[in-house]
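# Structural overview for review
Each chain, letter by letter, is given below.
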Amino acid sequence: MSTDLVRVRTGVYHDSVSLMRVSQAVTGLPGVEVAVVAMATELNRGIAAELGFDLPEAGPADLLIAIRSGGPAALEAAAAELDRLLAGLAGRTGGWTAAEHPPRTVRTAARGRAATLALVSVPGEHAFAEAMDAIEAGLSVMIFSDNVPVEQEVLLKRRAAERDVLVMGPDCGTAVIAGAGLGFANVLRPGPVGLVAASGTGAQQVSCLLDLAGVGVGHVLGVGGRDLSEEVGGLSTLRALEALDADPATELIVLISKPPAPEVARTVREAVAKLETPVVTALLGPGQDDLTAATENALRALGVAVPTWRSWPAPAPPPPDDRPRAAGRDTGGAGAGRTGTDTEGAGGSGGGTRAGTLRGVYSGGTLCAEARLIAGTGEFTDFGDDAYTRGRAHPMIDPTLRLEALAEVPPGDVVLLDVVLGHGADPDPSARLAPGIAAAVARGVPVVVALVGSEGDPQGLNAQAEAVRAAGAAVFTSNAQAARHAAGLLASAR
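Every value quoted in this text rests on a predicted model; they were computed, and no experiment measured them. (Residues numbered from 1 in each chain as written. Predicted model: local features only at pLDDT ≥ 70, side-chain atom pairs only at ≥ 80, totals over all residues. Heavy atoms only, no water.)

### With respect to the overall build of the chain
- If you tally the helices and strands in the chain, you get 16 helices and 18 strands.
- In the chain, which comprises 494 residues, the share counted as buried stands at 51%.
- Across the chain, the fraction of contacts at a sequence separation of at least 24, relative to all contacts at a separation of at least 6, is 73%.
- Summing over all exposed atoms, the chain offers an accessible surface of approximately 20700 Å²; the carbon and sulfur share of this is 53%. (Helix = DSSP H or I, 4+ residues; strand = E, 2+ residues; numbered from the N terminus. Buried < 20%, exposed > 50% of the residue type's maximum accessible area, 1.4 Å probe, protein only. Contact = heavy atoms within 4.5 Å. Areas by Shrake-Rupley, 256 points an atom, 1.4 Å probe, with all protein chains shown as cover.)

Rendered as structure tokens:
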């Protein structure tokens, strides 16, 4: 019989990403069925209530703990581990000594310190006030928070222009400032390239491919996925381009975006033409360069040879007489090009007994959009979209929703998914994804993985690739090549 533990700790605050990691760690303990460790907002209380927990009164400034286990012993062990994890969070003092009183506002935190940037990671409904406080303090701000109304985004960016600072976000998942990574950040070698990105995973794809080619990145200025929308008008993109153009260490700028509004794209291109620093653009859309092609253009602009992008073929299926057969060697895969329906690819083909559907099961919105454009067919879902992340960890941290979707794919369909490495992401994504991939392949569903990461990432690029390959997937470091390969598998089955 299940046993519940429900506690409220008054006046204890931790950011949502840290608490999501704690929840995930506790849920993974032996005997634990589910754990909710979160600030007691209305949304989080609703999630706990839907799970059947009997909740006491609590407010958004309180920490809610709700754990369900298979028995008292498991519950006691989980509670002890939770206390240890929370003590670790509490030990992060942010640079203030025990004798100092922690500041209550961003502005007071910045006072007397050589701060130039604030990072805001609070529930979306509270992000505007904190970000505006940072702007008024003369700080640029990275808004990691999602679910911020677009009207508030426009107000923040207009005020930032008046204060001569930069707003990165909302929903800015990754940034690199002078080599220091923020949010979901890969380990990149320093170098002469600066990125301006209305895309988190798009920036990670390009910067990681550059790193694999031996080219370093100095800055990644994320501006939020809506910045090149008609409503926002590229306000932060234009400022970020100016900032990199003024940086003497930046020799080349790469501009990346999900499909932009046409008028905004024209405005941005006109601004690019006036810069002194060369700019390579990757504004995704029909007939435009994909992210891999844009990376190759950047390498050529720098006089660097374009490498063969690494890929790992799917293990060859056993022959009819069941004799073992050697798996194929590593192969570079197909060359990148413009987005379209080209299906050239490399690696094994997996199984498949009927002409089915290509299913994109993505954690990155830009990678999902790029794959959809390239494949020209199929059903694609961005599980990192705001609709899927309210009250739960981003799929780069918690793959639960994607695993559920993978388990429902029928034989004969082809699955294309991304695995994104780096700080902030799942410390070992293959450990949870590999069993689901193996089960899919076993029932006749070929799986293709776009693995986005650098050689320096803590998860280990090669180790992750080999683990998902061993589960039966074909693996590509280029999302564009992965999409072409997946579309080719579907076409060959027909």
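Now that the structure has been shown, the text picks up again.
### Re the packing of aromatic side chains
- Counting across every chain of the model gives 2 aromatic pairs.
- Ring centres of F144 and F184 lie 5.8 Å apart, and the angle between their planes is 50°; this geometry places the pair in the tilted category. Of this pair, F144 sits in the loop between β5 (140-143) and α6 (150-163) while F184 sits in the loop between β8 (180-183) and β9 (193-198); the two residues are 40 residues apart in sequence, bridging distant segments of the chain. Take F144 and F184: they sit in the same class, and that class is buried. (Phe/Tyr/Trp six-rings, centres within 6.5 Å; stacked < 30°, edge-to-face > 60°.)

### A closer look at the sheet that holds strand β14 (residues 358-362)
- On the basis of which strands lie adjacent, the open sheet formed by 6 strands has the order β13-β18-β17-β16-β14-β15 and mixed pairing. Whereas interior strands pair on both sides, the edge strands pair on one side only; in this sheet they are β13 (311-312) and β15 (379-382).
- Along the sheet face, helix α11 (residues 365-375) touches β14, β15, β16 (414-420) and β17 (447-452) and points at about 170° away from the line of β15. (Pairing = 2+ DSSP bridges. Axes fitted to C-alpha atoms, helices over the stretch in contact; angles between N-to-C directions.)

### Looking at empty space enclosed by the protein
- Taken as a whole, this structure holds 3 cavities of 30 Å³ or more when the rule is applied.
- In this structure, the largest cavity occupies an estimated 70 Å³ of space.
- In terms of lining residues, the largest cavity is bounded by S363, P395, M396, I397, P399, R402, D418, V419, V420, D426, P429 and L433.
- Contributing elements (two or more residues each) for the lining of the largest cavity: β16 and α14 (429-442).
- By residue number, the principal contributor to the lining of the largest cavity is β16, which donates 3 residues.
- Approximately 60 Å³ is the volume attributed to the second largest cavity.
- Lining the second largest cavity are F383, Y388, T389, R392, A393, P395, D398, T400 and L401.
- Elements with a minimum of two residues in the lining of the second largest cavity: α12 (386-389) and α13 (400-407). (1 Å grid on protein atoms, 1.4 Å probe; cavity = no way out; pocket = protein on both sides within 12 Å on 5 of 7 lines; lining within 4 Å. Points joined across faces, edges and corners; volume = space filled by probe spheres on them.)

### A few points about the sheet that holds β5
- Strand order in this open sheet of 3 strands is β4-β5-β6, and the pairing throughout is parallel. What marks the edges here is a single partner per strand, and that holds for β4 (117-120) and β6 (167-168).
- Looking at chain direction, β5 and β6 are connected through 2 bridges and run parallel. Considered in β6, the bridge of M142 is made with M168.
- Here helix α5 (residues 124-136) sits on the sheet and contacts β4, β5 and β6; the angle it forms with β5, its principal contact strand, is near 160°.

### Side note on the pairing of β5
- Of the two faces of β5, both are covered, the one formed by S140 and M142 as well as the one formed by V141 and I143.
- Pairing analysis gives 4 bridges linking β4 to β5, with the strands arranged parallel. Within β5, the residue paired with V120 across the bridge is I143.
- After leaving β4, the chain enters α5 and then returns to the sheet as β5, a path that is right-handed.
- With respect to chirality, the unit in which β5 leads through α6 into the neighbouring parallel β6 is right-handed. (Right-handed = clockwise from strand over helix to strand, strands pointing away.)

### Thoughts on the pattern of salt bridges
- Tallying each qualifying case throughout the model produces 18 salt bridges.
- Notably, a salt bridge pairs E81 with R84, separated by 2.7 Å at the nearest N-O pair. Taken as a pair, E81 and R84 lie in helix α3 (residues 72-90) at a separation of 3 residues, close to a single helical turn.
- Residue D398 is joined to R432 by a salt bridge in which the shortest nitrogen-to-oxygen separation is 3.5 Å. Of this pair, D398 sits in the loop between α12 and α13 while R432 sits in helix α14, and the two are 34 residues apart along the sequence.
- By relative accessible area, R432 is classed as partly exposed at 31%.
- Within this structure, E153, K157, R226 and D227 form a network of salt bridges that share partners. (Salt bridge = Lys/Arg side-chain N within 4 Å of Asp/Glu carboxyl O.)

### Brief notes about the packing of helix α1 (residues 16-27) against α3
- Across the interface, α1 lies against α3 with an axial gap of 10 Å and an inter-helix angle of 155°. The orientation of α1 with respect to α3, classified from their angle, is roughly antiparallel. As for the relative orientation of α1 and α3, their crossing is right-handed in sense. Here α1 contributes S18, L19, V22, A25 and V26 to the contact with α3, which in turn contributes A78, L82, L85, L86 and L89.
- Grouping the amino acids of the contact of α1 with α3 by side-chain chemistry returns 9 nonpolar, 1 polar and no charged. (Parallel < 35°, antiparallel > 145°, perpendicular 65-115°, else oblique. Left-handed = near helix turned anticlockwise from the far one by under 90°. Nonpolar A, V, L, I, M, F, W, Y, C, P; charged D, E, K, R; others polar.)

### Re the nonpolar core
- Grouped together as the largest cluster of nonpolar side chains are 77 residues, with contacts concentrated most on L195, L210 and L416.
- Per-element accounting of this core gives the leading share, 7 residues, to helix α16 (residues 479-493).
- Leave out the neighbours within four places in its chain, and L195 touches A203, V206, S207, L210, V217, H219, V220, L221, L244, V254 and I256.
- In terms of nonpolar packing, the next biggest core, distinct from the first, is built from 25 residues, L403, L417, V447 and L461 among them. (Core = buried A, V, L, I, M, F, W, Y, C linked by side-chain atoms within 4.5 Å.)

### Thoughts on the environment of S145
- Along the chain, S145 falls in the loop between β5 and α6.
- The buried category is assigned to S145, whose relative accessible area is 4%.
- The spacing of S145 and S16 is 129 residues in sequence and 9.3 Å in space, taken between C-alpha atoms.
- Excluding residues within four positions of it along the chain, S145 makes contact with V120, S121, V122, G124, A127, P170 and D171.
- Within the structure, S145 has its side chain in polar contact with the backbone oxygen of V122 (distance 2.6 Å). (Polar contact = N/O pair within 3.5 Å; in protein donor to acceptor, adjacent residues only side chain to side chain.)

### Some remarks on α13
- Those residues of α13 not exposed but buried are R402, L403, A405 and L406. The buried residues of α13 occupy one face: seen down the axis, they fall within an arc of 160°. (Arc of directions from axis to C-beta.)

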